[in-house]
Amino acid sequence: MSRYFTEDHEWIDVDGDTGTVGISDYAQSQLGDIVFVEVPDAGRALGKGDEAAVVESVKAASDVYSPVSGNVLEGNPALTDEPALVNSDPEGEGWFFKITLSDASELDALMDETAYAAFVAKL
Amino acid sequence: MSINASGWKPTTPVAGGNAAPTFTGNKALMLEEPLIFEIGSTETTGVDFADGDVAGSRLGDLTRKSAIGLPGLSEQETVRHYTRLSRQNYAIDLGLFPLGSCTMKHNPRLNEKVARMPGFADIHPLQPVDTVQGALGVINELAVWLIKLTGMYGVAMSPKAGAHGELCGILCIKAALEKRGEGHRKVVLVPESAHGTNPATAAFAGFSVEDIPATDEGRIDTAALKARLGPDVAAVMITNPNTCGLFERDLKEISDAVHAAGGYVYCDGANFNAIVGRVRPGDLGVDAMHINLHKTFSTPHGGGGPGSGPVVLSEALAPFGPLPYTARTKDGYVHLIEEERAEEFSNEHFGGKLDSFGRMVAFHGQMGMFTRALAYILSHGADGLKQVAEDAVLNANYVLRSLEDVLDAPFAGAGPCMHEAIFSDKGFAAGFSTIDAAKALIDEGFHPMTMYFPLVVHGAMLIEPTETESRGALDQFIGALRSVAERAKAGDPSLKTAPHFAPRARLDETLAARKPVLTWKPPVVQAEAAE
């Protein structure tokens, strides 16, 4: 399984043709306390870069974009009652949605963990 | 000669100190106030009704079986409750209100006097038009002023506030595109320097929104915007002056490019206060712009009254404006044009060119705001309005330059700001952010500034002092913010728990947002609970 990052601070774990998407630890630290998350419904077709989810903190509301094209398998039901999971475990329990990849070559344009760390260091 | 020029004051002991807590929780004139459900008795009523004598009801099984659960208060208890609550509020009549993007200026009492005249205050929108010629005349005259001040062609008076006005403008654009057979234009471009309501409006009207980046100096990236124009672009929404407090200098160039590409230009006029009387958006190629009467033209808002957001329109969009509208014919009579007469009147007076997209509100708009705004315009006159913009900009620059040595001002190098000064939390000690400075300003007796907006500035503090503050008032605010900023830079731990002198200490905003308690539940009565 490998993890990729976008410049918009989403991460995606890929296992076969299934991806799990969330926002990075850097993103949650910039947003502050998360108070609301809206995840996509199962079955929704998403293009790469489409608005997939909404995350609201005490400071701001932001869109979360899909790092790849595909169909949503499920949204994380735990975030409805406990949006704080995105703060406490952004790259684990706080995942947003799972997606079936329709074009694995899209991953080539994303950053790996090292490249993303270098990207964040420059911000 | 002023009284007490020596500045002498009687010396009095400071309250508080090591006093024991009071029985009531009140602190002399600072009163604790319970919820309205927790005072009075449901057996009490302020009005003495006769017993109902309705014999059978036609509701059948649907009649109410339990008590409705309204609070029970006498008239005096009710009056005291709301008067006490009002004393816990902060208002423009109490002090400077530095909220950026809000233009919280003084509401002249002359406006209030005019708005309360029975000919304006005690009429009904369904009265025969013959009996309300004065009120309709006010709407019409205000419309003429707004068109003149903006250099536009027409105006829709009925939208009820800024975002409603945006929707009206975007619906005009949609109607114009459909009339041209170009309903396939589905993209609205919104620069990062625009107001947050702009993308929401476009999305609500069924368009897809695309961001255009801002330059490092806080203005639209004109080249990026031009590069994105094309046959799928319906409109561009621009806020000018923008949310970084800067004038979008390229607006004319942008408008020309948008028009050449077949799109329309929407301008968010929420910041019109900075340019009123100095710049006419019509000259910059704008097709639609809402004007917040409750900001630029001093009608009360922010809890003090409703908004009002007329939309001025270019010649290309004016035919599509909403109904109803007023029109004064040569005989001096003011007509109210509604659906029944729209086509006939349009054929008779406008060569059949009007093609309204429909209606946004039941009646004609916010009458009370119209009278206040017209009173403000007429009492200032053309020269006075020009000075409004000059003084608003001067005051904001005074704040910017007085604090740029202690607070990071990201766009200070871009030249003078317009009506609002913007600072970031860069330079604060580790762990300190804008929220701590804002809470400490409450202790200083000020309403905090706009925080964390615009998003392009880290920990943004957006301050709009408006033209109605005196230099003395500004100096006091600047002194307070300077002191707070110095404490934040030094890492003063007491700042993290501010406010200390407000009736409540710092609230847990995260908990309030995650687990809001929105309903009051009656306490369980002991006797019933035992059953």
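Definitions and limits used
- Residues numbered from 1 in each chain as written.
- Chains lettered and ligands numbered in written order.
- Predicted model: local features only at pLDDT ≥ 70, side-chain atom pairs only at ≥ 80, totals over all residues.
- Contact = placed C-beta atoms within 7 Å.
- Nonpolar A, V, L, I, M, F, W, Y, C, P; charged D, E, K, R; others polar.
- Pairing = 2+ DSSP bridges.
- Helix = DSSP H or I, 4+ residues; strand = E, 2+ residues; numbered from the N terminus.
- Axes fitted to C-alpha atoms, helices over the stretch in contact; angles between N-to-C directions.
- Domains from an automatic or database assignment.
- Buried ≥ 20, exposed ≤ 12 C-beta atoms within 10 Å, placed from the backbone.

(A) Seen up close, the interface of chain B and chain A. At the junction of the two partners, chain B supplies 6 residues and chain A supplies 7 residues. Residues that form the side of chain B that touches chain A fall into these classes: 3 nonpolar, 1 polar and 2 charged.

(B) Up close: the sheet that holds strand 4 (residues 34–38) of chain A. Residues and elements named next belong to chain A. Here 3 strands make up an open sheet; going across it, the order is 4-6-7 and the pairing antiparallel. A strand with exactly one partner marks an edge of an open sheet, and here the two such strands are strand 4 and strand 7 (61–65). Adjacent strand axes in the sheet meet at a mean angle of 25 degrees, parallel and antiparallel pairs treated alike. The pairing of strand 4 with strand 6 (residues 51–57) spans 4 bridges and is classified as antiparallel. Bridge pairing in strand 6 links phenylalanine 36 to glutamate 56.

(C) Quick peek at the pairing of strand 7 of chain A. Residue and element names in this part refer to chain A. Where strand 6 meets strand 7, 5 bridges bridge the pair, whose relative direction is antiparallel. Residue pairing in the sheet places valine 54 in a bridge with aspartate 63 of strand 7. Following strand 6, the chain reverses through 3 residues before pairing antiparallel with strand 7.

(D) Layout of the domain arrangement of chain B. Residue and element names in this part refer to chain B. Taken as a whole, chain B is organised into domain 1 (110–373) and domain 2 (387–503). Measuring from the centre of the C-alpha atoms in domain 1 to the corresponding centre in domain 2 gives 32 Å. Across the boundary between the two partners, domain 1 contributes 18 residues, which contact 15 residues of domain 2. In terms of residue class, the side of domain 1 that touches domain 2 is built from 8 nonpolar, 7 polar and 3 charged.

(E) Representation of helix 12 (residues 434–443) of chain B. Residues and elements named next belong to chain B. With respect to burial, helix 12 is a largely interior element, 8 of its 10 residues being buried. Turning to helix 12, its buried residues are Thr434, Ile435, Asp436, Ala437, Ala438, Lys439, Ala440 and Leu441. Looking at the buried side of helix 12, the elements it contacts are strand 11 (450–451), strand 12 (461–463) and helix 13 (471–490). Positive backbone phi, approximately 90 degrees, marks glycine 445, located one or two places after helix 12.

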